[in-house]
Amino acid sequence: MGVRRSLGRQFGWLWGAYTVSAFGTWLAFDAFPLIAILVLHAGPTEVAALAAAGLAVGAAVAVPLGPWVEFRRKRPVMVAMDLVRFAALMSVPAAYALGRLGFVQLLVVSVVVATADITFNAAAGACLKALVQPRDLLIANGRFEATTWTATMAGPPLGGAAIAVFGPVTTVMADAVSYLLSAVGIRAIGGTEPRPARADARPRLRARDLPDGWRYILADPALRPLFFNTILVNSLIMATSPLLAVLMLGRLGFAPWQYCLAFAVPCVGGLIGSRLARRLVARFGQHKVMLTAGTLRACWSLGLAFVRPGAAGLVLVMAVELGLITCCAVFNPVLATYRLDRTPADRVARTLSAWSVTSKATTAAMTGLWGLLAAVTGPRTAIALAGLLILTTPLLLPRRDHAAQLAAVS
């Protein structure tokens, strides 16, 4: 067994900050819908609006922040976004304690947090590229991926137990504190971070600067198909998630603990896939692994349309989710590394921001669209249609190894 490779003290603090905030986020998974239902007695329309509006409005507000972040020191931006999320989330338990919590406040907080998420992630990608050697980027992204799936597996069950024992706003407080601890970890990275210089020395952000991230993605022959592929796959998977919950918890009669178990256990595939990614790339090459894993991850979602009541249905959901998560956990760190390798250092924040904004906005739109589709056809048919559409997404993956071609030319 090989010894874990150290990526340095600075990366250790960044990884630690990511870990604590990831566990806080997944501990508070679905906390706002639960608060809206249990505390504010909101109906399905309000809960759906809360989920979609936070993503859509947050994405719109974040559009100018990508170019703005590009020419700022990244770590102060990350600390500031952590503190913004801490303050916004802490306002929820404070208002609840005073008996003044309302639906509008939840909506505003969800928008603020979504905006800060996009801004933080754009700065974090640029920060990671500056802290880690290019040869170590896949190792770093693999560790982030493994952390994400560990938090996904452990967080929601623990969060549900905490809500049952301590009340509905408990996990929101824990999530808020995790961002405060993340800010401390990022601050502890230390060292000097030079201020990025603008090539054209323009002091102010102009309106025509806003689409810079999209211009770069769409002009790049390798990033463009990956962009459309990941946006479509991720949005369709997320759009069918609430429909599957309605199907399993409503019509099929699964208990809530069975529903949680069906999605917690397969997260072990995330740990397996994230550990395999580096070995597979070393053996088969980055492009082949990305193409194969990207194709395989499209083959699973259709199976969810065939879930039935009882133990057999539960096993089917676990098997489908295990296959899907394992393939995604291989694909995601390879994609993240490829994207950072492909993007110049002075464009990383704009590119990642544009990618994230589009992803969140598309997910919000798809969630609303598939909700309407399920109202007309039923949740099972809507899930099947999404699965069939996902089967076409490998056609969007790049067939040629552009990185190898570029290396051959140079």
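Up top is the structure.
Residues numbered from 1 in each chain as written. Predicted model: local features only at pLDDT ≥ 70, side-chain atom pairs only at ≥ 80, totals over all residues. Heavy atoms only, no water.

Our focus in this paragraph is the overall build of the protein chain. Secondary structure summary: the protein chain contains 17 helices and zero strands in total. Overall, the protein chain is about 60 × 50 × 45 Å in size when its C-alpha atoms are taken along their principal axes. Counting the 410 residues in the protein chain, one finds 49% classified as buried. Here the protein chain holds 37 positive side-chain charges and 17 negative ones, and the gap between their average locations is 4 Å. (Helix = DSSP H or I, 4+ residues; strand = E, 2+ residues; numbered from the N terminus. Buried < 20%, exposed > 50% of the residue type's maximum accessible area, 1.4 Å probe, protein only. Lys, Arg positive; Asp, Glu negative; His and termini not counted. Charge placed at Lys NZ, Arg CZ, Asp CG, Glu CD.)

Turning to the packing of helix 6 (residues 103-131) against helix 15 (residues 348-377), a few remarks are in order. Following both chains from N to C, one finds helix 6 and helix 15 inclined at 145°, their axes separated by 8 Å at the closest point. Handedness of the helix 6/helix 15 crossing: right-handed. Here Ala114, Ile118, Asn121, Ala122, Gly125, Ala126 and Lys129 of helix 6 come into contact with helix 15, specifically with Val348, Ala349, Leu352, Ser353, Ser356, Val357 and Lys360. Among the residues making up the contact of helix 6 with helix 15, the classes are represented as eight nonpolar, four polar and two charged. (Axes fitted to C-alpha atoms, helices over the stretch in contact; angles between N-to-C directions. Left-handed = near helix turned anticlockwise from the far one by under 90°. Contact = heavy atoms within 4.5 Å. Nonpolar A, V, L, I, M, F, W, Y, C, P; charged D, E, K, R; others polar.)

As a further point, take the side chain of Glu70. Mapped onto the secondary structure, Glu70 falls in helix 4 (residues 65-70). The buried category is assigned to Glu70, whose relative accessible area is 2%. At 3.5 Å, the side chain of Glu70 forms a polar contact with the backbone nitrogen of Val348. Here Ala349 takes part through its backbone nitrogen, which lies 3.2 Å from a polar atom of the side chain of Glu70. Once residues lying within four places of it in the same chain are set aside, the contact partners of Glu70 are Pro196, Ala345, Asp346, Arg347, Val348, Ala349 and Arg350. (Polar contact = N/O pair within 3.5 Å; in protein donor to acceptor, adjacent residues only side chain to side chain.)

Counting residues in hydrophobic clusters, the biggest one holds 30 residues, and the most contacted among them are Phe11, Leu14, Met78, Leu128, Val132 and Ile186. Secondary-structure elements contributing two or more residues to this core are helix 1 (9-27), helix 5 (74-97), helix 6, helix 7 (137-166), helix 8 (170-187) and helix 15. Counting residues per element, this core draws most heavily on helix 6, at nine residues. When residues no more than four places from it in sequence are discounted, the contact partners of Ile186 are Ala17, Arg75, Met78, Val79, Asp82 and Phe120. Of all hydrophobic cores here, the second largest spans 27 residues; its members include Leu243, Met366, Ala374 and Ala386. (Core = buried A, V, L, I, M, F, W, Y, C linked by side-chain atoms within 4.5 Å.)

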